[in-house]
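# Chain and residue survey
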Amino acid sequence: MPGQRHLALVALGDSGRPPVTAGPPADAVPAMVEAVRGLTETDPLTPADDFVADAVFDPATLRGWGEYELWGSDDSLRPETVFRDDHFTYLRFGERWKDIELPTAYVVVDEIDELVNTRVQGQTYIIESTRPLITLKSGQSYLCIRYTGETS
């Protein structure tokens, strides 16, 4: 359609980087606890009839560690960990959290980028979508995040 920009997916190939955090082994429970620290409730300023207010945070539904394929223009937007629940996609940037400009998030619908709501809770960047393809953009930098796990 005229005036709409299509997402051009460019596979960068195997860069030799380790995968985004693989599924947590049994002895990694303390790391999982740290990853979800601060994710206990939705934003208290959200209107009562808003979808986010009704989305109850349930740690038992968190999944997707190591089930994401990431590629983009450079590593500046690459998170340490990506995971999801039934409603949202969560990005953790680790020590780089304080040094990065948070990107704008888009979901791909019919090969068109559509802006999606995001918010920050603690040190977690929350994308209010679980679409299989999410694109982060900041200036000329971009990062594509594709969920490769099973959908429920």
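Small disclaimer: the values here were computed from a predicted structure and weren't measured.

The rules behind each value
Residues numbered from 1 in each chain as written. Predicted model: local features only at pLDDT ≥ 70, side-chain atom pairs only at ≥ 80, totals over all residues. Heavy atoms only, no water. Helix = DSSP H or I, 4+ residues; strand = E, 2+ residues; numbered from the N terminus. Buried < 20%, exposed > 50% of the residue type's maximum accessible area, 1.4 Å probe, protein only. Contact = heavy atoms within 4.5 Å. Polar contact = N/O pair within 3.5 Å; in protein donor to acceptor, adjacent residues only side chain to side chain. Core = buried A, V, L, I, M, F, W, Y, C linked by side-chain atoms within 4.5 Å. Pairing = 2+ DSSP bridges.

## A closer look at the overall build of the protein
- When helices and strands are tallied, the protein shows two helices and nine strands.
- The burial tally for the protein puts 40% of its 152 residues in the buried class.
- The long-range fraction of contacts in the protein, counting pairs at least 24 apart against all pairs at least 6 apart in sequence, stands at 61%.

## Quick word on the side chain of Ser 129
- Within the secondary structure layout, Ser 129 lies in the loop between strand S7 (124-127) and strand S8 (133-138).
- Take Ser 129: its relative accessible area is 9%, and that puts it in the buried class.
- Looking at Ser 129, its side chain comes within polar contact range of the main-chain nitrogen of Arg 131, at 3.0 Å.
- In contact with Ser 129, other than residues within four places in its own chain, are His 87, Phe 88, Thr 89, Val 107, Val 116 and Ile 134.

## Thoughts on the nonpolar core
- Counting residues in each nonpolar core, the largest one holds 19 residues, and the members touching the most others are Leu 91, Tyr 125, Ile 127, Leu 136 and Ile 145.
- Residues in contact with Ile 127, not counting those within four places in the same chain, are Phe 88, Thr 89, Leu 91, Ala 105, Val 116, Asn 117, Thr 118, Ile 134 and Leu 136.
- Counting seven residues, the second-largest nonpolar core is a separate cluster that includes Phe 57, Phe 83, Phe 88 and Tyr 90.

## What to know about the pairing of S7
- Here S7 shows a buried face lined by Thr 124 and Ile 126 and a second buried face lined by Tyr 125 and Ile 127.
- The sheet contact formed by strand S3 (residues 89-92) and S7 spans four bridges and is antiparallel. Looking at S7, one finds that Arg 92 is bridged to Thr 124.
- Alignment of strand S6 (residues 118-121) against S7, held across four bridges, turns out to be antiparallel. When the bridges of S7 are listed, Gln 121 appears paired with Thr 124.
- Between the end of S6 and the start of S7, which pair antiparallel, lie two residues, with Gly 122 showing a positive phi angle near 65 degrees.

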